[in-house]
Amino acid sequence: MMVAVLLLCSCSTKQVETDSKKRLKVGIMLSSVGLGDQSFSDAAFSGLIKAREENDIFFDYREPSEDLSFEEGFTELVKEDCELVVGLGFSVKESLEKVAKQYPNQKFLLIDETSELPNVTSLTFKEEEGSFLVGAIAGLTTKTNVVGFIGGEDVPLIKKFEKGFAEGVKATNPKASVMTEYAGDFGKADLGAEIAGDMIKQKNVDTLYAAAGFTGVGVLQEAQKNSKYAIGVDTDQFFIAEKAVVTSMLKNVDVAIQTAIKSYIDENGKFPEKNMTFGLKEDGVGSAPIRVITLDPEKEKIFEDLKQKLANGEITIPLD
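Residues numbered from 1 in each chain as written. Predicted model: local features only at pLDDT ≥ 70, side-chain atom pairs only at ≥ 80, totals over all residues. Heavy atoms only, no water.

(A) View of helix α7 (residues 189–203). Spanning 15 residues, α7 covers 21 Å between terminal C-alpha atoms, matching the ideal 21 Å at 1.5 Å per step. Within the span of α7, buried status applies to Ala189, Gly192, Ala193, Ile195, Ala196, Gly197, Met199 and Ile200. Positive backbone phi, at 65°, marks Asn204, one or two positions downstream of α7. (Helix = DSSP H or I, 4+ residues; strand = E, 2+ residues; numbered from the N terminus. Expected span 1.5 Å × (residues − 1). Buried < 20%, exposed > 50% of the residue type's maximum accessible area, 1.4 Å probe, protein only.)

In structure tokens:
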């Protein structure tokens, strides 16, 4: 219902462009899961809504479906005279670049991947930093000293989540081990629940972190069902399982998109960098408030010290 309200209140593919010539028109091709994932796509959409309200832009969007491929969606947005076309997620890269080559004068923004094409600007995140923070909390939270990581797909982007999480766990609890499994899908809550259930029952995992889109929703709910702890991703997912979600890794896609668009407007149609990166220092990633549990003063100090060291560069996370 919330998504439906957003759609009704924000834009539609049939909007009347009464003043589009005076306002920046942005088009976005959403990721494969689309709106309603309670995570990545919804956060990006929220960023465009904020940009519309605060930066006075006009925007349109497309969702992939059986009748609309990524390439077709990008082409439609270009033909609708969107000055800036945004591609959301690493999975859209190939299609975006194909269309970008066909329209060399069109400006594109690719989120979560990089491109060498001259008309494509990239926006990426230091997911490993946000994952380090929630990993540190997991290390302080676990009672069995066994925590779990569930990824959507075994790809370099999600590996950043995994490695950051493992480093965070190690920083606060060297005795803890991290069980890892990849679902191979970002859109199946039932699959996430199944994997989480197996980890809990067979591997004694008591704290689960999922970087798996809608598949991760099932992980959080299964953790709650079994009275275990869970950690959300991308947005504050506490509302999904309020008895289980200790915190969430915040990937502030909404903040990054709004910031990038504001820079584009301020610089008269140019981005400050070809490859923009948002980490903890830039408010691109972070962690949601700690709930469900309470850290004692000593543990809270450990966490805050690690967070400060990460922000100022004293802690670096190896990704190789």
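(B) The arrangement of the packing of helix α5 (residues 127–141) against helix α10 (residues 297–311) in detail. For the pair α5 and α10, interaxial distance at closest approach is 11 Å and the crossing angle is 165°. When the axis of α5 is compared with that of α10, the two are roughly antiparallel. Both α5 and α10 take part in a crossing whose hand is right-handed. Touching Glu129, Phe132, Leu133, Ala136, Ile137 and Leu140 of α5 are Lys299, Phe303, Leu306, Lys307 and Leu310, all from α10. The residue makeup of the contact of α5 with α10, split by class, is 8 nonpolar, no polar and 3 charged. (Axes fitted to C-alpha atoms, helices over the stretch in contact; angles between N-to-C directions. Parallel < 35°, antiparallel > 145°, perpendicular 65-115°, else oblique. Left-handed = near helix turned anticlockwise from the far one by under 90°. Contact = heavy atoms within 4.5 Å. Nonpolar A, V, L, I, M, F, W, Y, C, P; charged D, E, K, R; others polar.)

(C) A look at the packing of aromatic side chains. On inspection of all chains with the given rule, the structure shows 9 aromatic pairs. Ring geometry for Phe45 and Tyr61: centres 5.3 Å apart, planes at 90°, overall edge-to-face. Linking Phe45 in helix α2 (residues 40–55) with Tyr61 in strand β2 (residues 58–62), this pair joins segments that are 16 residues apart in sequence. Note on accessibility: Phe45 and Tyr61 belong to one class, buried. Taken together, a centroid distance of 6.2 Å and an interplanar angle of 40° make the contact between Phe125 and Phe278 tilted. In this pair, Phe125 sits in strand β5 (residues 120–125) while Phe278 sits in strand β11 (residues 275–278), placing the two residues 153 residues apart along the sequence. The two residues Phe125 and Phe278 agree in class, both being buried. Taking NZ or CZ as reference, Arg291 lies 4.6 Å from the ring centre of Phe238, over its face. (Phe/Tyr/Trp six-rings, centres within 6.5 Å; stacked < 30°, edge-to-face > 60°. Lys NZ or Arg CZ within 6 Å of the ring centre and 35° of its normal.)

(D) Examining the nonpolar core more closely. Residues Val26, Ile111, Leu123, Ile158, Phe161, Phe165 and Tyr209 are the most contacted members of the largest nonpolar core, which totals 65 residues. The contacts of Ile158, once residues within four sequence positions are left out, are Phe149, Gly151, Gly152, Glu153, Tyr182, Phe186 and Ala211. Leu220, Ala230, Ala241 and Val245 belong to the second largest nonpolar core, which has 20 residues in total. (Core = buried A, V, L, I, M, F, W, Y, C linked by side-chain atoms within 4.5 Å.)

(E) Geometry of the environment of Phe40. Looking at the secondary structure, you find Phe40 in helix α2. A sequence separation of 101 residues divides Phe40 from Thr141, and the C-alpha atoms of the two residues are 26 Å apart. Apart from the residues lying within four places of it in its own chain, the contact partners of Phe40 are Ser31, Leu88, Gly89, Ile111, Asp112, Asp234, Lys251 and Val253.

(F) Structural detail: the sheet that holds strand β4 (residues 107–111). Strand order in this open sheet of 6 strands is β2-β1-β3-β4-β5-β11, and the pairing throughout is parallel. Looking along the sheet, the strands with just one partner apiece sit at the ends: β2 and β11. Each adjacent strand pair in this sheet contributes to an overall mean axis angle of 20°, direction not counted. Note that strand β1 (residues 25–29) and β2 share 5 bridges and pair parallel. Counted as the bridge partner of Gly27 is Asp60 from β2. (Pairing = 2+ DSSP bridges.)

(G) Geometry of the pairing of β5. With respect to burial, β5 is a largely interior element, 6 of its 6 residues being buried. Of the two faces of β5, both are covered, the one formed by Val120, Ser122 and Thr124 as well as the one formed by Thr121, Leu123 and Phe125. Here 4 bridges tie β4 to β5, and the two strands are oriented parallel to one another. When the bridges of β5 are listed, Leu110 appears paired with Ser122. The pairing of β5 with β11 spans 4 bridges and is classified as parallel. Within the sheet, the bridge partner assigned to Leu123 lies in β11 and is Met276.

(H) Main features of the pattern of salt bridges. Under the counting rule described, the total for this entry stands at 19 salt bridges. For the salt bridge of Glu80 with Arg62, the shortest nitrogen-to-oxygen distance reads 2.7 Å. Of this pair, Glu80 sits in the loop between α3 (70–79) and β3 (84–88) while Arg62 sits in strand β2; the two residues are 18 residues apart in sequence, bridging distant segments of the chain. We classify Glu80 as partly exposed; its relative accessible area is 24%. Between Lys301 and Asp305 there is a salt bridge; the shortest N-O distance is 2.8 Å. Linking Lys301 with Asp305, this pair stays in helix α10, spanning 4 residues, or about one helical turn. Where salt bridges share partners, they join Asp112, Glu127, Glu128, Lys160 and Lys251 into one cluster. (Salt bridge = Lys/Arg side-chain N within 4 Å of Asp/Glu carboxyl O.)

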